[in-house]
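One letter stands for each residue in the lines below.
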Amino acid sequence: MAILIVDDDKTIRFMLERLLNKAGYEDLYFASSPKETFKLLGIDDNGQKENTDFKIDSSNIELILMDIMMPDIDGIEACERLKRHHDLSNIPIIMVTALTETETLEKAFNAGAIDYITKPVRKLELLARVDSAVKLNRERQTRLKRERELEDALKSLEEMNAKLEKLATIDELTQIPNRRLFDETLNNEWKRAKRDKTPLSLIILDIDYFKKYNDTYGHQQGDKCLKVISSRLSELILRPGDFAARYGGEEFAVILPNTQSDDSLMVAKRIREGIEGLNIPHVASRISDNVTISLGVTCVDFDEVDYQKIEREDVLNSFINSADKALYEAKENGRNTAKF
Ligand code: GH3
Ligand code: MG
Ligand code: MG
Ligand code: MG
């Protein structure tokens with residue numbers, strides 16, 4: 001880390017160099033005017049960043065000693081301009097000056113100087129003020145660095161959490177919501193429907209003769225089939241708020257908030273036809289040349305049934321059971337169909 005000395009008086013620059021070197025400050029830069037200082041730091045006369053190749057790395061400067069009386073631009077004005085610049089505003093500036101009237105000093109402090117050293121410079125005062133400014137600045141830098149590190153760590157922790165969260169709720173094979181997220185979503189929708197007295201529909205669907213599919217095409221092809229069906233299923237769920245998840249091995253579930261039984265049957269039909277329309281060959285199926293699904297549909301209308309009174313926990317379970325039962329009936333009724 002270096003100290004930048006700005007003074008139009010050569011003998012003062014030399015004297016400061018000698019005293020600071022002796023005190024162990026080896027790394028010094030010099031400028032004889034504010035303009036030269038700006039050039040050295042790579043900014044123009046107005047304190048804006050210039051596109052020139054700057055000569056020194058400003059992040060390496062830990063302190064500037066600034067004369068006040070200089071031709072062209074005085075030290076106070078120079079200080080002001082440096083403080084205006086985003087990359088330079090944090091470099092502490094100490095005024096070195098023979099002008100010690102209150103008014104001048106006030107201006108210097110207002111311009112952003114942290115301290116002043118009176119001319120003629122006394123060694124004791126110089127070193128005491130430089131040492132304390134450098135120490136403060138280093139402590140500040142360390143603190144900032146720690147804060148940045150902490151921020152970075154927090155950010156990667158948040159990213160990791162988001163990943164974990166996703167892993168915990170998204171089915172790895174099909175990349176659609178898993179059973180856990182389904183349970184959570186159904187719970188929430190159930191509560192909401194109950195509160196708003198709106199209908200809630202549920203569809204459970206199951207691939208027909210999937211065991212035979214695996215036996216015929218192999219388990220890997222079976223996995224592929226599950227992926228294709230999942231992504232088609234997600235496409236077939238049109239309304240915002242509708243929700244599809246992988247419920248079990250080759251079973252899927254669809255939650256339709258604010259949906260009456262007639263409408264949910266229509267959605268079920270659309271899903272059934274959409275999956276059949278994928279035309280995935282299934283030579284071993286007893287009912288079709290292609291992969292088909294059976295669907296069980298159920299609906300509860302909180303506007304008609306006073307579920308508020310029934311606070312028993314298994315009300316939601318019997319809702320799911322009735323979709324399961326409907327699915328069983330669809331299977332019994334020849335498959336590739338939806339039952340309510
Ligand atoms: P049904 O028409 O009555 O539903 O007959 P099914 O053969 O589909 O029914 P069953 O429940 O007997 O078989 C389900 C099959 O699904 C058995 C199982 O190996 C397969 N399966 C479940 N999960 C996966 C999976 O992740 N990948 C693959 N490839 N197969 C799976
Ligand atoms: Mg001067
Ligand atoms: Mg099954
Ligand atoms: Mg099946």
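Here the structure is a predicted model, which means the values were calculated and not measured.

Moving on, we come to the overall build of the chain. Across its full length, the chain carries ten helices and ten strands. Across the 340 residues in the chain, those meeting the buried criterion constitute 46%. Carbon and sulfur atoms make up 49% of the accessible area of the chain, which amounts to about 18,900 Å² in all.

Under perfect tetrahedral coordination by four donors, a metal shows angles of 109.5 degrees; under perfect octahedral coordination by six donors, it shows angles of 90 or 180 degrees. Every protein donor of the magnesium ion (ligand 4) is listed here as D206 (OD), I207 (O) and E250 (OE), and their distances to the metal cover 2.0 to 2.1 Å. Look at where the donors of the magnesium ion (ligand 4) fall in the sequence and you get D-I-x42-E. Separation of the magnesium ion (ligand 4) from the magnesium ion (ligand 3) amounts to 3.7 Å, with D206 serving as a shared donor to the pair. You can see D206 sitting in strand β6 (residues 199–207) and its partner E250 sitting in the loop between β7 (243–246) and β8 (251–257), a full 44 residues away along the chain. The same class applies to D206 and to E250, which are both buried.

Turning our attention to the confidence of the model for the chain. Segments scoring low in pLDDT should not have their predicted coordinates read at a detailed level. On average, residues of the chain carry a pLDDT of 93, and 94% of them reach 70 or more. This prediction of the complex comes with two scores: 0.63 for pTM and 0.95 for ipTM.

Contacts to ligand 1 come from 16 residues, most closely from D206, Y209, F210, D223 and R246. One of the backbone N or O atoms of I207 is found 3.1 Å from an oxygen atom in ligand 1. A distance of 2.7 Å is found between an oxygen atom of ligand 1 and a side-chain nitrogen or oxygen belonging to R246. Compared with its free state, where it exposes 650 Å², ligand 1 has 68% of that area covered by protein. Of all the elements in the fold, those that place two or more residues in the shell around ligand 1 are β6, α7 (210–217) and α8 (219–236). If you tally residues by element for the shell around ligand 1, the top one is α8, at four residues. A per-class count over the shell around ligand 1 returns four nonpolar, four polar and eight charged.

The sheet built from five strands is open, its strands ordered β7-β8-β6-β9-β10 with mixed pairing. The open sheet terminates on both sides in strands that have one partner only, identified here as β7 and β10 (338–339). Looking at chain direction, β6 and β8 are connected through seven bridges and run antiparallel. Its bridge partner being in β8, I203 is matched across the sheet by V254. Contacting β6, β7 and β8, α8 crosses the sheet at an angle of about 5° to β8.

Before going further, it helps to examine the packing of aromatic side chains. What the rule picks out here adds up to six aromatic pairs. Between W190 and F319, the ring centres sit 5.3 Å apart and the planes meet at 55°, which makes this aromatic pair tilted. With W190 in helix α6 (residues 179–196) and F319 in helix α10 (residues 314–332), this residue pair connects regions lying 129 residues apart in the sequence. F319 sits in the buried class, given a relative accessible area of 5%. For the ring pair F210 and Y213, a centre distance of 5.6 Å and an interplane angle of 5° mean the geometry is stacked. Of the two residues, F210 and Y213 are both situated in helix α7; the distance of three residues between them amounts to about one turn of the helix. When sorted by exposure, F210 lands in the same class as Y213, which is buried. Put simply, the rings of W190, F302 and F319 pair up and form one aromatic cluster.

This next bit is on the sheet that holds strand β3 (residues 61–67). Judged by pairing direction, the sheet is parallel, and its five strands sit side by side in the order β2-β1-β3-β4-β5 without closing on themselves. The sheet is open, and its two edges are formed by β2 (28–31) and β5 (115–118), each paired on a single side. Neighbour to neighbour, the strand axes of the sheet diverge by 20° on average, direction disregarded. Strand direction decides the pairing type here: strand β1 (residues 2–6) and β3, joined by five bridges, are parallel. Paired with I3 across the strands is L63, a residue of β3.

Bringing a nonpolar patch on the surface into the picture now. Taken together, L150, L154, L157, M160, L164 and L167 make up a surface patch of nonpolar side chains, about 640 Å² in accessible area. Tracing the backbone through its elements, the reader meets L167 in helix α5 (residues 123–169). A relative accessible area of 60% places L167 in the exposed class.

As a further point, take the side chain of D67. Mapped onto the elements of the fold, D67 is located in strand β3. Residue classification places D67 among the buried positions, given a relative accessible area of 3%. A polar atom in the side chain of D67 sits 2.9 Å from the side chain of K119. When sequence neighbours within four positions are dropped, the list of residues in contact with D67 reads V6, D7, D8, G75, V96 and K119.

Rules used in this analysis
Residues numbered from 1 in each chain as written. Chains lettered and ligands numbered in written order. Predicted model: local features only at pLDDT ≥ 70, side-chain atom pairs only at ≥ 80, totals over all residues. Heavy atoms only, no water. Helix = DSSP H or I, 4+ residues; strand = E, 2+ residues; numbered from the N terminus. Buried < 20%, exposed > 50% of the residue type's maximum accessible area, 1.4 Å probe, protein only. Areas by Shrake-Rupley, 256 points an atom, 1.4 Å probe, with all protein chains shown as cover. Donors = N, O, S within 2.8 Å, 3.2 Å for Na, K, Ca; no water. pLDDT = per-residue confidence, 0-100. Near = heavy atom within 4 Å. Polar contact = N/O pair within 3.5 Å; in protein donor to acceptor, adjacent residues only side chain to side chain. Nonpolar A, V, L, I, M, F, W, Y, C, P; charged D, E, K, R; others polar. Pairing = 2+ DSSP bridges. Contact = heavy atoms within 4.5 Å. Axes fitted to C-alpha atoms, helices over the stretch in contact; angles between N-to-C directions. Phe/Tyr/Trp six-rings, centres within 6.5 Å; stacked < 30°, edge-to-face > 60°. Patch = residues over 30% accessible without salt bridge, like charges linked within 9 Å, V, L, I, M, F, W, Y side chains within 5 Å. Salt bridge = Lys/Arg side-chain N within 4 Å of Asp/Glu carboxyl O.

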